[in-house]
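# Structural features, examined
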Amino acid sequence: MQSAPNVEVAVVTPTRLRPDRIAYLMELYASLRGQDVTWEWVLALDGVSEEVMPEVLRTDARVRVVALPRPVGAGAARNFAVNEVTADWLTTSDDDDVLPAQSLSARLRYAQKHDLGWCAGWSADLHPDRSINTWQCSTPPGFHAPGDVWRHWASPDSTIPIGPTTLMARTEIVRASGGYAALPQGEDYAYLVGVTGVARGALLPTVVYHYRKHAEQMTSQPEYPAMELQARRFAWEHGKHLEALRKEARM
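In this report, we go over the structure that sits alongside the text. Numbering of residues starts from 1 in every chain and runs along the sequence as written. Residue-level local features of this predicted model are given only where pLDDT is at least 70; pairs of side-chain atoms are given and counted only at 80 or more, and the full residue set underlies all totals for whole chains, interfaces and linings. Calculated side-chain values reflect all of the structure's heavy atoms, with hydrogen atoms and water omitted.

### Structural notes on the packing of helix α7 (residues 187-198) against helix α8 (residues 228-250)
Under the convention used in this document: With axes taken as lines fitted to C-alpha atoms, and helix axes fitted only over the stretch in contact, angles between N-to-C directions fall between 0 and 180 degrees. A helix here means a DSSP run of H or I that spans at least four residues, while a strand means a run of E at least two residues long, and both kinds are numbered starting from the N terminus. For classification purposes, an angle smaller than 35 degrees is called roughly parallel, one larger than 145 roughly antiparallel, one from 65 to 115 roughly perpendicular, and anything else oblique. In this scheme, a crossing is called left-handed if the near helix is turned counterclockwise away from the far one by less than a right angle; it is called right-handed if the turn is clockwise. When checking whether two residues touch, look at their non-hydrogen atoms; a contact exists if any pair is within 4.5 Å. Side-chain classes are defined by residue name, with Ala, Val, Leu, Ile, Met, Phe, Trp, Tyr, Cys and Pro counting as nonpolar, Asp, Glu, Lys and Arg as charged, and the others, Gly among them, as polar.
Two elements in contact, α7 and α8, have axes separated by 8 Å at closest approach and are oriented at 15°. Judged by the angle between their axes, α7 and α8 are roughly parallel. As α7 runs across α8, the sense of the crossing is right-handed. Across the interface between the two elements, Tyr189, Ala190, Val193, Gly194 and Gly197 from α7 touch Glu228, Ala231, Arg232, Phe234, Ala235, His238, Gly239, Leu242 and Arg246 from α8. Along the lines of polarity and charge, the residues of the contact of α7 with α8 split into seven nonpolar, four polar and three charged.

Listed below in structure tokens is the structure:
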């Protein structure tokens, strides 16, 4: 795959192009077109044909398609998409969410200005009536050394320290930290811990992500809680052992 020169940020999105989510996907696309940096959108088609994509997406050179021959799940789909990223920075968005104006530039410019490995922000729930309420994570705004974010996650069943989809990171750091975990859900918790555990970054007190609340979202399904704690435990233990390795390296 070839990308346009000077692309600043890649946005990675796994999708199965479900009919009930196409309108959401197109709203995400519209929010990307409103961003004020150059971007590439890497769509990982999780076991569905490119022919199902809306025509406007198939003809936009900024949209890069990774067509997977069978469903592999969101985490693996994201990892395959990361293989095709050409930009120096990347972030992710689910196919039913939205990026507010200047979402990409706010994080990118701050990270570049301060020579950071990652930059995140706050997320806000987007309700069906279009109302929005901000979720302020347990990690405080400001600069954070490697491992600081995990230290704000008290236990596996506590609230996660940062919304993973708000995280923008250097592509080389994402690849070096192993990308997304091989989990059927919660794979982005381990991704968050891994990236923030190996590089210095910052959390901005700014909403950079709109998380759509609707009845069909994965976290609303009755089977979702069954493995949630196991996924959280995997990621939390990942952070715990990274912390131990950092301590050992300082001795």
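Resuming the write-up.
### Some words on helix α1 (residues 22-33)
This is how the line gets drawn: Given the number of residues in a helix, its expected span is that number minus one, multiplied by 1.5 Å. Burial classes: relative accessible area under 20% of the type maximum marks a residue as buried, over 50% as exposed, and values in between as partly exposed (1.4 Å probe, protein chains only). In this context, the arc is that of the directions from the helix axis out to the C-beta atoms.
Given a rise of 1.5 Å per residue, 12 residues ought to cover 16 Å, and the 17 Å separating the end C-alpha atoms of α1 matches this to within 8%. What α1 keeps buried is the set Tyr24, Leu25, Leu28, Tyr29, Ser31 and Leu32. Projection of α1 onto a plane perpendicular to its axis shows the buried side chains occupying an angular sector of 160°, all on one side. At its buried positions, α1 is contacted by β1 (9-15), β2 (39-46), α2 (55-58), β3 (63-68), α4 (103-113) and β9 (201-212).

### What about the packing of aromatic side chains?
Defined as follows: Between 30 and 60 degrees the pair is tilted, below 30 it is stacked and above 60 it is edge-to-face, where a pair is any two Phe, Tyr or Trp rings, Trp via its six-membered ring, whose centres lie within 6.5 Å. Two conditions define a charge sitting above a ring: the NZ of Lys or the CZ of Arg must be within 6 Å of the ring centre, and it must be within 35 degrees of the ring normal.
Per the counting criterion, the structure on display carries five aromatic pairs. Taken together, a centroid distance of 5.9 Å and an interplanar angle of 10° make the contact between Tyr29 and Trp41 stacked. Of the two residues, Tyr29 sits in helix α1 while Trp41 sits in strand β2, which places them 12 residues apart along the sequence. You can call Trp41 buried: its relative accessible area is 0%. Ring centres 4.1 Å apart and planes at 10° place the aromatic pair Tyr180 and Tyr191 in the stacked group. One end of the pair, Tyr180, is in the loop between α6 (171-176) and α7; the other, Tyr191, is in helix α7, with 11 residues separating them in the sequence. When its relative accessible area of 5% is taken as the criterion, Tyr180 is described as buried. Over the ring of Tyr180 we find Arg78; its NZ or CZ atom is 5.0 Å from the centre of that ring. In this arrangement the basic side chain of Arg200 is found over the ring face of Phe143, its NZ or CZ atom lying 4.8 Å from the centre.

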